[in-house]
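Per-entry structural report
Letter by letter, the chains look like this.
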Amino acid sequence: MSAKPLSHSPLLLLAATAFGTIFIGFGINALIRPLHALTFFEYSEPLIPAPGPALTLIESLMVVYGVRDICIGLAMYPPAWYGERRSLGWMVLVASGMAFADGAVCWNMGKGAGAHWGYAPMLTVVGSLLLGGGTGSKWEWEFLWGGWDGEAKV
């Protein structure tokens, strides 16, 4: 009996579910305490404007950020529950893109990128493994190289 490939490990489903739960937690925090959620971007108090239209805009954008995180987190639950590894893998990869983008915004502001770029690669690895990456499977060859005959079709 051959061992199952790493892409079929139940630990990947648990990791994706944990990531989804973390996103939901960050999203709820952004909805309930939008200015506190800014601390994850390491923005300091002097950057937060006094009450007025600018502060209202920031709080409104944090609601958008919160809803985004809640939606991606909730979207990870059904495919994890039903074992739909490919769709879950794509969702986790999309979440890694969000984390990389959030880190790029922080880097542009001068700090806070490491907090986002620290977990983005973890999302990328879990998403890639869920998609069958690193197994040498026929699907991986067809997806990455365009064919199973051993020749890359670029």
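Residues numbered from 1 in each chain as written. Predicted model: local features only at pLDDT ≥ 70, side-chain atom pairs only at ≥ 80, totals over all residues. Heavy atoms only, no water.

Structural notes on the environment of T124
- Structurally, the position occupied by T124 is in helix α6 (residues 120–130).
- A relative accessible area of 26% means that T124 is categorised as partly exposed.
- Sequence-wise, T124 and L93 are 31 residues apart; in three dimensions their C-alpha atoms are separated by 5.5 Å. (Helix = DSSP H or I, 4+ residues; strand = E, 2+ residues; numbered from the N terminus. Buried < 20%, exposed > 50% of the residue type's maximum accessible area, 1.4 Å probe, protein only.)

Quick look at the nonpolar core
- Ranked by size, the top nonpolar core spans 19 residues in total, and within it F23, M76, L88, V92, L123 and L130 carry the most contacts.
- Listed by contribution, the elements that provide at least two residues to this core are α1 (10–32), α3 (53–82), α4 (85–109) and α6.
- Core analysis: the next-biggest nonpolar cluster, separate from the first, contains 11 residues, L38, Y43, L55 and C106 among them. (Core = buried A, V, L, I, M, F, W, Y, C linked by side-chain atoms within 4.5 Å.)

Things to note about the packing of aromatic side chains
- What the rule picks out here adds up to one aromatic pair.
- Their ring planes at 70° and their centres at 6.4 Å tell us that F23 and Y119 sit as a pair that is edge-to-face. Taken together, the residues F23 in helix α1 and Y119 in the loop between α5 (113–117) and α6 connect sequence positions 96 residues apart. The burial state of F23 is the same as that of Y119; both residues are buried. (Phe/Tyr/Trp six-rings, centres within 6.5 Å; stacked < 30°, edge-to-face > 60°.)

So, the pattern of salt bridges
- Applying the stated rule across the entire model yields two salt bridges.
- Residue D69 pairs with R68 through a salt bridge whose shortest N-O separation is 3.2 Å.
- Relative accessible area serves as the criterion here: at 2%, D69 is assigned to the buried category.
- What makes R68 partly exposed here is its relative accessible area of 26%.
- A network of salt bridges, in which partner residues are shared, links R68, D69 and D102. (Salt bridge = Lys/Arg side-chain N within 4 Å of Asp/Glu carboxyl O.)

A closer look at the packing of α1 against α4
- Viewed as axis vectors pointing N to C, α1 and α4 meet at an angle of 40°, and their least axial separation amounts to 11 Å. Our classification of the angle between α1 and α4 gives oblique. With respect to the hand of their crossing, α1 and α4 are arranged in left-handed fashion. Of the residues in α4, those touching α1 at P10, L13, A16 and F23 are R85, L88, V92, A95 and M98.
- Residue classes in the contact of α1 with α4 are distributed as eight nonpolar, no polar and one charged. (Axes fitted to C-alpha atoms, helices over the stretch in contact; angles between N-to-C directions. Parallel < 35°, antiparallel > 145°, perpendicular 65-115°, else oblique. Left-handed = near helix turned anticlockwise from the far one by under 90°. Contact = heavy atoms within 4.5 Å. Nonpolar A, V, L, I, M, F, W, Y, C, P; charged D, E, K, R; others polar.)

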